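Each chain, written out:
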Protein chains: 2
Amino acid sequence: MREKIKPSILPGFMELLPQEQRIFNDMVNKISRVYETNGLVPMDTPIIEKEEVLLAKSAGETSKQIYKFKKGDRNLALRFDLTVPLARYVAQYFNDLSFPFKRYQIGKSYRGERNQKGRYREFYQCDVDIIGNGKLDIKNDAFIISLASQAFKSIKLTGYKFQISNRKILEGIFEDFKVENKSEAMTLIDKYDKMDKNDFLRELESLIGEEKGKIIMNIINIDGSSKEVIGKITRLNISNETFLKGIDEIKEVMKYMKIFGVNEDEYVINLKIIRGLDYYTGTVFETFLCGNENYGSICSGGRYDNLVDKYTDNILPGVGVSIGLTRLFYVLKEIGFIDSYDLKDKLDYLIIPIGETFEYCAEISKFLRTSGYKVDVYLDDDKFKKKLSYANKIGVSKVIIIGEEEINNRQVVIKDMVSGSQIKSSIDRLA
Amino acid sequence: MREKIKPSILPGFMELLPQEQRIFNDMVNKISRVYETNGLVPMDTPIIEKEEVLLAKSAGETSKQIYKFKKGDRNLALRFDLTVPLARYVAQYFNDLSFPFKRYQIGKSYRGERNQKGRYREFYQCDVDIIGNGKLDIKNDAFIISLASQAFKSIKLTGYKFQISNRKILEGIFEDFKVENKSEAMTLIDKYDKMDKNDFLRELESLIGEEKGKIIMNIINIDGSSKEVIGKITRLNISNETFLKGIDEIKEVMKYMKIFGVNEDEYVINLKIIRGLDYYTGTVFETFLCGNENYGSICSGGRYDNLVDKYTDNILPGVGVSIGLTRLFYVLKEIGFIDSYDLKDKLDYLIIPIGETFEYCAEISKFLRTSGYKVDVYLDDDKFKKKLSYANKIGVSKVIIIGEEEINNRQVVIKDMVSGSQIKSSIDRLA
């Protein structure tokens with residue numbers, strides 16, 4: 001025997017067995033369907049791009065994780081999200097696109113993250129973004145969140161909570177407080193959940209001063225229903241313009257979310273939501289599964305007014321949302337959601353020929369496929385027992401058995417693999 | 001103004017505008033549907049793999065074109081087809097899979113090819129393979145070709161021709177002729193179409209001798225209907241076992257193709273079909289568009305009995321077909337097929353709110369979406385003329401206009417963008 005190479009994949013890459021792959025694809029199909037029925041156009045971009053184009057915008061903490069390599073003289077990089085390629089795309093094809101440009105994209109991105117549970121180096125993202133030409137109404141921010149809500153509902157996921165903020169609120173407060181290292185403070189708040197609360201307060205105080213630190217600590221921890229939180233923030237009586245704009249925007253988002261069918265129990269206002277990437281300028285949100293917040297956000301997004309400005313002088317503000325489908329799938333496996341997933345879109349029939357009935361089986365298969373069924377035909381010469389064991393293994397619920405007698409009578413035998421019962425049926429009644 | 005980075009992608013990568021992307025996706029959906037209704041399971045594998053795993057099997061001429069790079073200490077490579085990852089997958093999950101294992105996979109592969117028309121460095125492949133445990137009936141070879149035929153029919157493509165051979169036929173002839181450098185001769189014949197015919201004959205003669213060279217030249221150029229070709233080859237009266245096995249197999253494939261619904265005018269027998277990769281062991285085929293053969297094969301495949309043997313001692317023979325979807329799309333654009341593509345799966349309605357009717361518009365949109373329509377709503381505050389110009393640009397055929405009067409009457413105005421005519425309709429009649 002020759003030496004064998006161990007068949008294995010890289011750590012941090014997800015690969016599924018057929019049954020789980022079917023569920024994964026079913027989720028992708030349902031989410032795509034939501035985006036399609038909402039009038040979004042599909043988009044696809046290369047996974048490999050020029051490094052200087054992909055890294056035109058600061059990628060923040062992500063930049064260390066990017067897969068980069070040379071091919072010939074060129075510096076190449078694998079895309080690390082679907083947002084930067086979108087910015088490049090709208091700048092590149094500006095004259096050919098209709099604005100507001102509403103697209104969805106489902107594809108793989110790459111980050112060389114430290115290997116840990118739920119973090120993948122290759123991961124699917126389901127993104128929706130809307131890009132305006134010159135301006136973009138705040139309704140779009142609410143619409144984007146409603147799309148994520150519809151996407152979750154389409155796969156019958158419950159117990160998620162959008163945590164929504166608007167960066168202008170905290171920025172306005174910092175301006176009002178004359179805080180100089182505003183962006184460091186924002187970066188710190190972004191890490192709040194991962195830190196010990198005393199350590200956090202100490203760091204915040206050392207950044208912006210003790211008194212202001214304590215006030216900010218109180219402000220970012222305002223809680224209650226969305227209306228209560230907005231009420232409490234409003235009563236801070238801050239007159240800074242950025243702050244007031246932020247409050248206005250988040251109220252508008254709440255108003256339109258309701259119109260778009262997002263229920264009040266689907267979201268909360270949380271001022272600690274910042275989003276790591278620095279291109280966000282208004283609405284920001286993350287999404288957690290209640291009781292499973294430790295798995296991190298499964299869906300994030302927000303408003304970015306200047307993402308495209310590295311590529312073009314055109315003013316192209318946008319708002320977007322990204323469902324991290326690979327991570328979501330991992331989490332849903334962990335919490336048992338995948339085990340109880342109701343997969344309707346599966347194989348309907350396995351046809352088992354017995355004796356010289358193959359031509360008839362092919363005919364029945366074609367008939368059923370034309371009627372929209374999914375049909376597998378056992379093509380190999382094996383014993384009946386082996387054929388039936390294949391049926392069990394692939395988990396098909398109905399097997400059609402065709403022997404020579406059935407051909408003569410233009411009938412089939414249908415075996416229910418769950419109950420074990422068998423009935424005879426005429427072909428015409430099959431469909 | 002700050003310096004801008006030119007938004008552009010790498011040469012050799014395909015990127016589509018929305019209208020063409022819709023058609024591309026429609027083709028992918030239809031082909032997937034064919035595979036699904038034929039009982040194949042979906043599969044997905046990482047794009048990045050360990051270099052030593054991907055290159056376990058000789059990749060022939062392809063090996064120079066592989067994207068390889070290091071990340072940390074690891075040697076990584078981008079997959080250059082979907083077949084080698086399949087071999088790795090079935091070896092790795094052997095105990096978890098049901099055999100015959102029938103899977104389809106649609107995904108991107110990478111080859112750093114010389115930049116030329118119709119050759120892409122990133123390209124979609126739509127692959128189907130069937131892997132048997134220990135053995136695999138010849139019916140599967142015919143089934144695989146019938147799937148490609150169904151796939152083409154699903155997108156209403158005509159004028160393609162499967163060019164089919166069986167490697168055992170020529171190998172048997174070479175054995176019978178006691179040709180020593182058989183594999184060099186096979187490699188040469190694989191290049192026949194790209195060579196001047198005199199040069200070809202001279203090279204063949206220098207490889208295997210003048211007399212044998214002339215005979216082989218005649219044999220590989222046998223033409224006519226499939227039955228005629230088989231008749232002529234049979235009458236060569238060669239008694240070599242490999243040869244006879246090859247003849248038997250190709251006859252079986254023809255018999256079952258008919259049963260699976262592949263018409264006789266969809267294929268020819270052509271002994272010059274070898275397939276570049278050296279893992280094929282029996283049936284081999286390529287597919288050309290009649291009159292556009294110069295674009296190369298759009299769909300190829302064949303039988304491989306030993307592909308998995310680098311990873312496992314299990315005997316896992318397989319047969320597969322791959323549609324090169326990116327190249328096919330390019331060719332179909334060139335020959336005008338895409339321009340006249342009948343895209344049914346497109347946006348049904350654009351809703352345009354006039355005045356304070358937005359809530360009502362959202363309601364109508366939800367109502368239509370629930371009925372299965374694809375609906376875009378114009379969310380931004382713009383002049384009516386601009387909204388209508390957006391409708392024209394995105395190419396929607398029906399616009400629903402809703403002003404305050406319509407709310408009061410529970411009606412909508414439907415404007416046909418093709419004829420320009422407008423009608424009023426009650427909501428209930430809309431769906």
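See the structure shown above.
Because the structure is a prediction, the values reported are computed rather than measured.

A.B. asks: Any chance you could explain the overall build of chain A here in plain terms?
C.D. replies: Assigned secondary structure in chain A consists of 15 helices and 16 strands. Along the longest, intermediate and shortest principal axes, the C-alpha atoms of chain A span 90 × 55 × 45 Å. A burial count over chain A gives 60% of its 431 residues as buried. The contacts of chain A with a sequence gap of at least 6 include a subset with a gap of at least 24, amounting to 68%. On chain A, roughly 18400 Å² of surface is accessible, and the fraction owed to carbon and sulfur atoms is 46%. Each charge class in chain A can be summarised by its mean position, and for the 66 positive and 64 negative side chains these summaries are 2 Å apart.

A.B. asks: Honestly, the nonpolar core in this entry has me stumped. Any pointers?
C.D. replies: A general feature of soluble globular proteins is that nonpolar side chains tend to end up buried together. Membership of the largest hydrophobic core comes to 104 residues, with the highest contact counts inside it found for Met27(B), Tyr35(B), Leu157(B), Phe162(B), Ile323(B), Leu325(B) and Leu328(B). In this structure, Ala151(A), Ile169(A), Met254(A) and Tyr330(A) belong to the second largest nonpolar core, which totals 102 residues.

A.B. asks: So what exactly am I meant to see when it comes to the side chain of Glu249(A) here?
C.D. replies: All names here are of chain A. If you trace the backbone, glutamate 249 turns up in helix α10 (residues 241-259). For glutamate 249, a relative accessible area of 10% translates into the label buried. Among the polar contacts made by the side chain of glutamate 249, one reaches the side chain of lysine 168 at a distance of 3.0 Å. Ignoring sequence-local partners within four residues, the contact set of glutamate 249 consists of Ile138, Asn166, Lys168 and Gly282.

A.B. asks: I would appreciate a short explanation of the interface of chain A and chain B in the present structure.
C.D. replies: Size of an interface: often given as the accessible area lost when the parts come together. Of the residues lining the interface, 100 residues belong to chain A; the matching set on chain B comes to 100 residues. Inspection of the region where chain A meets chain B yields 14 salt bridges. Ionic pairing is found between Lys102(B) and Asp376(A), a salt bridge with its closest N-O pair at 2.5 Å. For the interface between chain A and chain B, the tally reads 53 residue pairs in polar contact (both at pLDDT 80 or more). Split into classes, the residues belonging to the side of chain A that touches chain B amount to 50 nonpolar, 16 polar and 34 charged.

A.B. asks: Would you mind showing me how to read the sheet that holds strand β15 (residues 411-416) of chain B here?
C.D. replies: By definition, the strands of a sheet pair up through backbone hydrogen bonds, in either a parallel or an antiparallel sense. All names here are of chain B. Spatial strand order, β13-β12-β14-β15-β16: five strands in an open sheet with mixed pairing. Looking at the sheet topology across the chains shown, the edges are occupied by β13 (375-377) and β16 (422-426). Averaged over all pairs of adjacent strands, the angle between strand axes in this sheet comes to 30°, irrespective of strand direction. As paired elements, strand β14 (residues 398-402) and β15 share four bridges and run antiparallel to each other. Paired with valine 399 across the strands is lysine 415, a residue of β15.

A.B. asks: Any chance you could explain the environment of Asp416(A) here in plain terms?
C.D. replies: All names here are of chain A. Relative to the assigned elements, aspartate 416 resides in strand β15 (residues 411-416). Put simply, aspartate 416 and aspartate 96 are 320 residues apart on the chain and 55 Å apart in space, counted from C-alpha to C-alpha. Setting aside residues up to four positions removed in sequence, aspartate 416 forms contacts with Ser397, Lys398 and Ser421.

Reading guide: rules and limits
Residues numbered from 1 in each chain as written. Chains lettered and ligands numbered in written order. Predicted model: local features only at pLDDT ≥ 70, side-chain atom pairs only at ≥ 80, totals over all residues. Heavy atoms only, no water. Helix = DSSP H or I, 4+ residues; strand = E, 2+ residues; numbered from the N terminus. Buried < 20%, exposed > 50% of the residue type's maximum accessible area, 1.4 Å probe, protein only. Contact = heavy atoms within 4.5 Å. Areas by Shrake-Rupley, 256 points an atom, 1.4 Å probe, with all protein chains shown as cover. Lys, Arg positive; Asp, Glu negative; His and termini not counted. Charge placed at Lys NZ, Arg CZ, Asp CG, Glu CD. Core = buried A, V, L, I, M, F, W, Y, C linked by side-chain atoms within 4.5 Å. Polar contact = N/O pair within 3.5 Å; in protein donor to acceptor, adjacent residues only side chain to side chain. Salt bridge = Lys/Arg side-chain N within 4 Å of Asp/Glu carboxyl O. Nonpolar A, V, L, I, M, F, W, Y, C, P; charged D, E, K, R; others polar. Pairing = 2+ DSSP bridges. Axes fitted to C-alpha atoms, helices over the stretch in contact; angles between N-to-C directions.

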